[in-house]
Number of protein chains: 2
Amino acid sequence: RREMAAWARAVRGLLLDVSGVLYDSGGDGGVPIAGSVEAVRRIKASGLKLRFCTNETQATREKFVKKLQGMGFDISVAEVTAPAPAACRILKERSLRPHLLVHNDLVPEFAEIDKANPNCVVIGDAAENFTYANLNEAFRVLIGMEKPVLISLGRGRYYKETDGLKLDVGAYMKALEYACDVQAEVVGKPAKAFFESALAEMGVPPQEAIMIGDDIVNDVGGAQRCGMRALQVRTGKYRPCDENHPHVKPDAYVNNLAEAVDVILQQL
Amino acid sequence: RREMAAWARAVRGLLLDVSGVLYDSGGDGGVPIAGSVEAVRRIKASGLKLRFCTNETQATREKFVKKLQGMGFDISVAEVTAPAPAACRILKERSLRPHLLVHNDLVPEFAEIDKANPNCVVIGDAAENFTYANLNEAFRVLIGMEKPVLISLGRGRYYKETDGLKLDVGAYMKALEYACDVQAEVVGKPAKAFFESALAEMGVPPQEAIMIGDDIVNDVGGAQRCGMRALQVRTGKYRPCDENHPHVKPDAYVNNLAEAVDVILQQL
């Protein structure tokens, strides 16, 4: 804690993961994590730069932000860095026409993208759309290409909803990778380009930014590889065994976002 | 061909893959591959030992054999080596109680196995049972264990049915492996123990046996690693690019089972 106080003094910007840090998602829309609504408000009042850095791909940013606003969070679409817009930039740059294996509610993010006669597959957290038939269809598009192109909106293993743990996009990405003997290009955390675009949007260099997340690999490990400090919260998908992770060690643990903000704001 | 004629002289037993060699499977039950019914009959008349070595896990051996008999094949349950009975032996030996993620029609193979309070997951080609909900359920059983045990009835990437290519059990195995950070134990081809038990059932040493299959990795590569010769047929899931496989080279190619049997029987 004392060590953290020392480096927290240099901080000018915070990157917050959303699911598992601000709220616990679930079929009913989810519930805010105690103290997080107030913590976001305090960050904004402090003058620190703030960016919400999410791998959420079950809804458009508009819908996602509206849900969080409904829970009381002070958040706007312009403050959110998310995988779908990042993927759209790549698709346009490389003239790729995607077959989408994504959640119905994410489809509007791809409204301006040509999807006729697909020459790649984009996979997101499709949830109920991860049916046997839909996976076979995406597989057939890939295996029919001379060099299959698979773009994955994240590589998370699983996440926690109010009714339990669920497989995340990374698991289904691995299934298609194996079946087609191809390596997916990951957009979203932990991709370096994704964190870098969030930092650029804040105008803060990595050494003056802190990432706060519940995912030891995708939030903490990814941010650290970009030169940021990273805290793991003990909410969301956090599990005690994360503290013995063989490769990734957070710069500090905090019980939740509220505690992280307490410690950081005390140093300013 | 001349080279093949030389080593085919020493053969005393044949191992035949079933799907893609004897017949093409499909929603309607499938159709025999031209010449294969007669080819099986000729093998039996020749006095060669014969074993059907399948990774089929969409039905009990009884039901599977009945389907093949209905197509005209001379085949009995006692001649079939299949993954489910091999898995049952392992479950009993190690007092494992499985949560089953398998095809409904395979469940009777596990009738005598205690499935209460599961301490492992057995995954087969569950086909329509590979729903989002069922995958999450199997995942939760695994992630809740201190050391997750995942037993997979094969590691095939995909197979061909009459209505197109479909993801095989290996793809879903990879999804669970990744989500739980665990390595599955594979029962069925290409596991060495599986081929060895088929050889033992025939009473033929590997150097006097030939495997005939359509899967370059699981049939051909697996059999060769046991010291057998292996032919790839150009039926079933065969694709021309298999002939440039980076690791596996069949001892010979044949257009189909009938041609393989022609060449082999000419040497006896």
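Here, every reference points to the structure presented above.
Residues numbered from 1 in each chain as written. Chains lettered and ligands numbered in written order. Predicted model: local features only at pLDDT ≥ 70, side-chain atom pairs only at ≥ 80, totals over all residues. Heavy atoms only, no water.

Draft legend 1. Structural context of the relation of the copies chain B and chain A. Aligned on chain A, chain B shows an RMSD of 0.0 Å; the corresponding rotation is 180° and the shift along the axis is 0.0 Å. Classification of the inter-copy transformation places it as that of a two-fold axis. A share of 100% of the interface residues of chain B reappears at the interface of chain A, consistent with the copies meeting face to face through the same patch. (Least-squares fit on C-alpha atoms with pLDDT ≥ 70 in both. Contact = heavy atoms within 4.5 Å.)

Draft legend 2. The interface of chain B and chain A, seen in detail. Listed per partner, the contact involves 30 residues of chain B and 30 residues of chain A. Taken over both partners, the interface formed by chain B and chain A buries close to 2,800 Å², and the fraction arising from carbon and sulfur atoms is 61%. Counting the surface chain B buries against chain A, the share from its top three residues, Tyr132, Leu167 and Tyr178 of chain B, is 32%. Secondary structure elements with two or more residues in the side of chain B that touches chain A: helix H5 (132-143), strand E9 (158-161), strand E10 (164-167) and helix H6 (169-180) of chain B. Class assignment of the residues belonging to the side of chain B that touches chain A gives a composition of 16 nonpolar, five polar and nine charged. (Buried area = accessible area lost by both parts, 1.4 Å probe. Helix = DSSP H or I, 4+ residues; strand = E, 2+ residues; numbered from the N terminus. Nonpolar A, V, L, I, M, F, W, Y, C, P; charged D, E, K, R; others polar.)

Draft legend 3. Summary view of the packing of aromatic side chains. Counted under the stated rule, the structure contains six aromatic pairs over all chains. Taking the centre distance of 5.2 Å and the plane angle of 45° together, the rings of Tyr158 of chain A and Phe139 of chain B count as tilted. Of this pair, Tyr158 of chain A sits in strand E9 (residues 158-161) while Phe139 of chain B sits in helix H5, each in a different chain. Here Tyr158 of chain A and Phe139 of chain B have matching classes, each one buried. Here Phe130 of chain B and Tyr172 of chain B contribute two aromatic rings whose centre-to-centre distance is 3.7 Å and whose plane-to-plane angle is 10°, an arrangement assigned as stacked. (Phe/Tyr/Trp six-rings, centres within 6.5 Å; stacked < 30°, edge-to-face > 60°. Buried < 20%, exposed > 50% of the residue type's maximum accessible area, 1.4 Å probe, protein only.)

Draft legend 4. Region of the structure containing the nonpolar core. Ranked by size, the top nonpolar core spans 93 residues in total, and within it Phe139 of chain A together with Leu15, Phe110, Phe139 and Met228 of chain B carry the most contacts. Look past the residues within four positions of Met228 of chain B in its chain and what remains in contact with it is Leu15, Phe195, Leu199, Pro206, Ala209, Met211, Ala223 and Asp251 of chain B. (Core = buried A, V, L, I, M, F, W, Y, C linked by side-chain atoms within 4.5 Å.)

Draft legend 5. Region of interest: the environment of Asn134 of chain B. Residues and elements named next belong to chain B. Considering the arrangement of structural elements, one finds Asn134 in helix H5. Here Asn134 falls in the partly exposed class, since its relative accessible area comes to 24%. Expressed as a C-alpha distance, the spacing of Asn134 and Leu100, which sit 34 residues apart in the sequence, is 9.8 Å. Discounting residues that sit within four places of it in the chain, Asn134 has contacts with Leu101 and Asn129.

All we've got here are geometric facts, nothing functional implied.
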